[in-house]
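# Observations on the model geometry
Residues per chain are reported as follows:
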Amino acid sequence: MINYEVTVFTGNLALASTFNNVYITLVGTDGESKRIDLTSWKPSFFRGQVSLKPLCILKLFKTTCDVDLLFLFLFCFFQVSHFIVSCPKSLGKLVMIKLDKQKRFLQDSWYPAKVEVKSPKNKTYHFPIYHWITDSEVYCFREGTALRIFDDSNSHLGGCSRQQELKQRQKVFCWDVYAQGIPHCIKGNSIQSLPYDVHFSLTKTAEMKYTAVTGLVELELIEMAELKKNWTHIDDISHLLCAHRTQVTDFVHKHWKEDSLFGYQFLNGVNPMLIRCCKALPKNFPVTGDMVSLHGRGSLADEMMKGNIFLCDYKLLDGVQPNTINKKKQYLMAPLILLQKTPDNKLMPIAIQLKQKPAKDNPIFLPTDSEYDWLMAKIFVRSADFNFYEVSVHLLRTHLLAEVFTVSLLCNLPMVHPLYKLLMPHTRYTLQINVLARQLLISKTGVLTRYAASGGKGIITILQKSLSSLTYSSLCIPDDIAERGLKDVPNFYYRDDGLKLWEIIFRFVKEILTSYYKTDAEVQKDSELQKWIQDIYEHGFLSQASTGIPQKFSTVDEMVKFVTMVIFTCSAQHSAVNSGQYDFGAWMPNSPVTLQLPPPTKKGKASEKSMIDTFPNIQTTVHGMAVMWLLSKQSSDSVSVQVM
């Protein structure tokens, strides 16, 4: 008989163990083994098992003759899952295993991490699994060596082809339409409808439930959560920061009125995606050189020619229907902001127009206006920025696109595909967090729907308009920075760090993928790879050629760049536009989620009282703070990488 040593590893996750009967079949190029009942050797498979061969364990106890201690050690600590599968003849090269489990007492769930098989010739084959088995179906897992489809000479061996694996996945990972004109999503209106494989870990689940329920408590805001009164004094808002302060929240609280911080946030706040160099003023922003007071010498035209004038245009918000909160109409502007790079390398605002269409009741506000005229103009900009970045920059350009990349990956690439292996770690939690976002943030009862100026129809409108204007180049930070004319702007840390991270990811992706794809023809010939990008184009970008998203890959370079963008979007970009939300937004006047009075239509009318009356009420303020705190909170089981 030919003996194969089989070691089964159960994942170290909560509830990963099984007491069901577990069966395995080894499949090789020259045949397959009988279906072996592993539980006849070992009655259960416990979470976090470490499988050691008996010889290795004996070496640990070479200084003792205490056999009882040895067996106690084996049973209590390692829960060894080590088996022998005997065959009448060699199976040849092992290419696959089949696993299934059958109900013993009751049907439970099992999370095997991997299986290792050592052949009689001392060759060890690795079969990565990392998959919840919840039923009595037979599951096929291929040997771990990455293979493109046209390299896989055994793709149909044993009745478990790559196509069958994908068909099995496509039954549970299906496309759905949440709303017309926005990226398609995973089909499933609740967490329970999602496959176990994409659920949060127990740690993450507990933290999310705890955070969602007690966020207001931790911020010591629970008693204010239903207060629908208006603020009466600016100092009263300061008390909201007492429970959870950071160096940044304190700095913002102290300096929020200053033009330098206002300008700085367009570069290094949570929305560094809108600012661009301005060489010519938009026709609907009639700023003249006589209006503005420039820093340093030179005219407005000269400063534009030198590349020192910058524009932020929130035109995507124009026409968005503002929310109604507590039966009171809210206000959301679509402002234009002109900024100047000063001789001391600061970015300072020099003009603000709060609506897109020039008119007498739409004045251009200037730093030389009265204190509260100018401050109110900046407050309306900051409120517009919150609604724009939360929906367009954060939700659409990271979360929803990451979901598209993930669903297409799961539907089109088998586990053995090199791109599946490369991208799968970057999809962690994506599907469940997005289902929660649709349930808790943007649904009819969601927090943003109830408390943000863009809530309700506005959110969908912003998503639709943002997707229709989105471009592939804007998702690739080197192209995006160049197109916006920001290569030489000083103190632009999003650019500096982002370009470094992009280059690191690019080099890594290129080294991995060029190991498998030597020529452009090999890329073109990989039907699974082509189906992946085709689904992204169709379901993510709704087949809009104007986006510039590739419909297929023709070259190795095209593939490498796109995969780099995917990883960058799911990791670095999301961190850049998400993690600082509470830091910059906890002090509400710097980032109001909504405003409940219209902007000034004439100069000289604004006052401290009108400013405070315009702020969101107490209830809306504290719920806005809580959602920013929740979204910014880092999970304790997050995975970070130190870049040297």
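Residues numbered from 1 in each chain as written. Predicted model: local features only at pLDDT ≥ 70, side-chain atom pairs only at ≥ 80, totals over all residues. Heavy atoms only, no water.

### Here's the deal with the nonpolar core
Ranked by size, the top nonpolar core spans 136 residues in total, and within it Trp 532, Phe 562, Val 563 and Met 611 carry the most contacts. When residues of this core are assigned to their parent elements, the largest contribution, 25 residues, is made by helix α9 (residues 371-412). Setting aside anything within four residues of it in sequence, one finds Met 611 in contact with Ile 234, Trp 256, Tyr 372, Leu 375, Met 376 and Ile 379. Grouped together as the second largest cluster of nonpolar side chains are 23 residues, Leu 26, Cys 87, Trp 110 and Tyr 125 included. (Core = buried A, V, L, I, M, F, W, Y, C linked by side-chain atoms within 4.5 Å. Buried < 20%, exposed > 50% of the residue type's maximum accessible area, 1.4 Å probe, protein only. Helix = DSSP H or I, 4+ residues; strand = E, 2+ residues; numbered from the N terminus. Contact = heavy atoms within 4.5 Å.)

### Notes on the side chain of Glu 116
Structurally, the position occupied by Glu 116 is in strand β7 (residues 112-118). Reaching out from Glu 116, the side chain makes a polar contact with the side chain of Lys 114 at a distance of 3.5 Å. Ignoring sequence-local partners within four residues, the contact set of Glu 116 consists of Glu 5, Val 6, Thr 7, Phe 9, Thr 124, Tyr 125 and His 126. (Polar contact = N/O pair within 3.5 Å; in protein donor to acceptor, adjacent residues only side chain to side chain.)

### Some thoughts on the packing of helix α7 (residues 259-268) against α9
Axis separation between α7 and α9 bottoms out at 12 Å; the angle between their running directions is 20 degrees. Between α7 and α9, the interaxial angle falls into the category roughly parallel. In the packing of α7 onto α9, the handedness of the crossing is left-handed. Residue-level contacts link Asp 259, Phe 262, Gln 265 and Phe 266 of α7 to Trp 374, Lys 378, Val 381 and Arg 382 of α9. Class assignment of the residues belonging to the contact of α7 with α9 gives a composition of four nonpolar, one polar and three charged. (Axes fitted to C-alpha atoms, helices over the stretch in contact; angles between N-to-C directions. Parallel < 35°, antiparallel > 145°, perpendicular 65-115°, else oblique. Left-handed = near helix turned anticlockwise from the far one by under 90°. Nonpolar A, V, L, I, M, F, W, Y, C, P; charged D, E, K, R; others polar.)

### Notes on a nonpolar patch on the surface
A surface patch of nonpolar side chains, about 350 Å² in accessible area, is lined by Phe 19, Phe 105 and Leu 106. Residue placement: Phe 105 occurs in the loop between β6 (94-102) and β7. Among the residues examined, Phe 105 registers a relative accessible area of 62% and is labelled exposed. (Patch = residues over 30% accessible without salt bridge, like charges linked within 9 Å, V, L, I, M, F, W, Y side chains within 5 Å. Areas by Shrake-Rupley, 256 points an atom, 1.4 Å probe, with all protein chains shown as cover. Salt bridge = Lys/Arg side-chain N within 4 Å of Asp/Glu carboxyl O.)

### Overview of the pairing of strand β8 (residues 124-128)
Here is the key point about a regular strand: its side chains alternate between the two faces of the sheet. Where burial is concerned, the two faces of β8 differ: the one with Tyr 125 and Phe 127 is buried and the one with Thr 124, His 126 and Pro 128 is not. Bridge analysis of β7 against β8 gives five bridges, and the strand direction is antiparallel. If you follow Val 115 over to β8, its bridge partner there is Phe 127. The antiparallel pairing of β7 with β8 creates a hairpin that spans five residues between the two strands, and Asn 122 there sits at a positive phi of about 65 degrees. (Pairing = 2+ DSSP bridges.)

### What to know about the pattern of salt bridges
Summed over all chains, the structure comprises 17 salt bridges. Of the charged contacts in the structure, one is a salt bridge between Glu 116 and Lys 114, with a shortest N-O distance of 3.5 Å. Classification of Lys 114 by relative accessible area gives partly exposed; the value is 27%.

### Some points on the packing of aromatic side chains
For the structure shown, the criterion picks out twelve aromatic pairs. Aromatic side chains Phe 405 and Phe 562 sit 6.2 Å apart centroid to centroid with 80 degrees between the ring planes, which places their arrangement in the edge-to-face category. Of this pair, Phe 405 sits in helix α9 while Phe 562 sits in helix α19 (residues 556-578), and the two are 157 residues apart along the sequence. Between Tyr 472 and Phe 562, the ring centres sit 5.7 Å apart and the planes meet at 45 degrees, which makes this aromatic pair tilted. Within this pair, whereas Tyr 472 is found in helix α14 (residues 472-475), its partner Phe 562 is found in helix α19, the two being separated by 90 residues in sequence. By relative accessible area, which is 12% here, Tyr 472 ends up buried. Exposure remark for Phe 562: the relative accessible area of 0% places this residue in the buried category. Across from the ring centre of Tyr 125, 5.1 Å away, lies the NZ or CZ of Lys 123, which sits over that ring. (Phe/Tyr/Trp six-rings, centres within 6.5 Å; stacked < 30°, edge-to-face > 60°. Lys NZ or Arg CZ within 6 Å of the ring centre and 35° of its normal.)

### So, the sheet that holds strand β5 (residues 82-87)
Strand order in the open sheet formed by four strands is β5-β1-β7-β8, with antiparallel pairing between adjacent strands. The open sheet has two edge strands, β5 and β8, and neither has a second partner. Direction aside, neighbouring strands of the sheet carry axes that sit 25 degrees apart on average.

### Topic: helix α11 (residues 430-440)
Burial runs high along α11: eight of the eleven residues are buried. Restricting attention to buried positions, one finds in α11 the residues Thr 430, Leu 431, Gln 432, Asn 434, Val 435, Leu 436, Ala 437 and Arg 438.

### Focus on the UniProt feature "site: Essential for stabilizing binding to COTL1" (unreviewed entry) in the chain
Feature annotation in UniProt places "site: Essential for stabilizing binding to COTL1" (unreviewed entry) on Trp 132, given in this structure's numbering. On the accessibility criterion, Trp 132 (13% relative accessible area) is buried. (UniProt positions renumbered as here; feature names shortened; annotations may be inferred.)

### Some remarks on the packing of α9 against helix α13 (residues 457-469)
Contact geometry of α9 with α13 gives a least axis separation of 10 Å together with a crossing angle of 60 degrees. The angle between α9 and α13 falls in the class oblique. For the pair α9 and α13, the crossing hand works out as right-handed. Contact with α9, carried on its side by Asn 387, Val 391, Ser 392, Leu 395, Leu 396 and Leu 400, involves Ile 459, Ile 462, Leu 463, Ser 466 and Leu 467 of α13 and no other residues of that element. A per-class count over the contact of α9 with α13 returns eight nonpolar, three polar and no charged.

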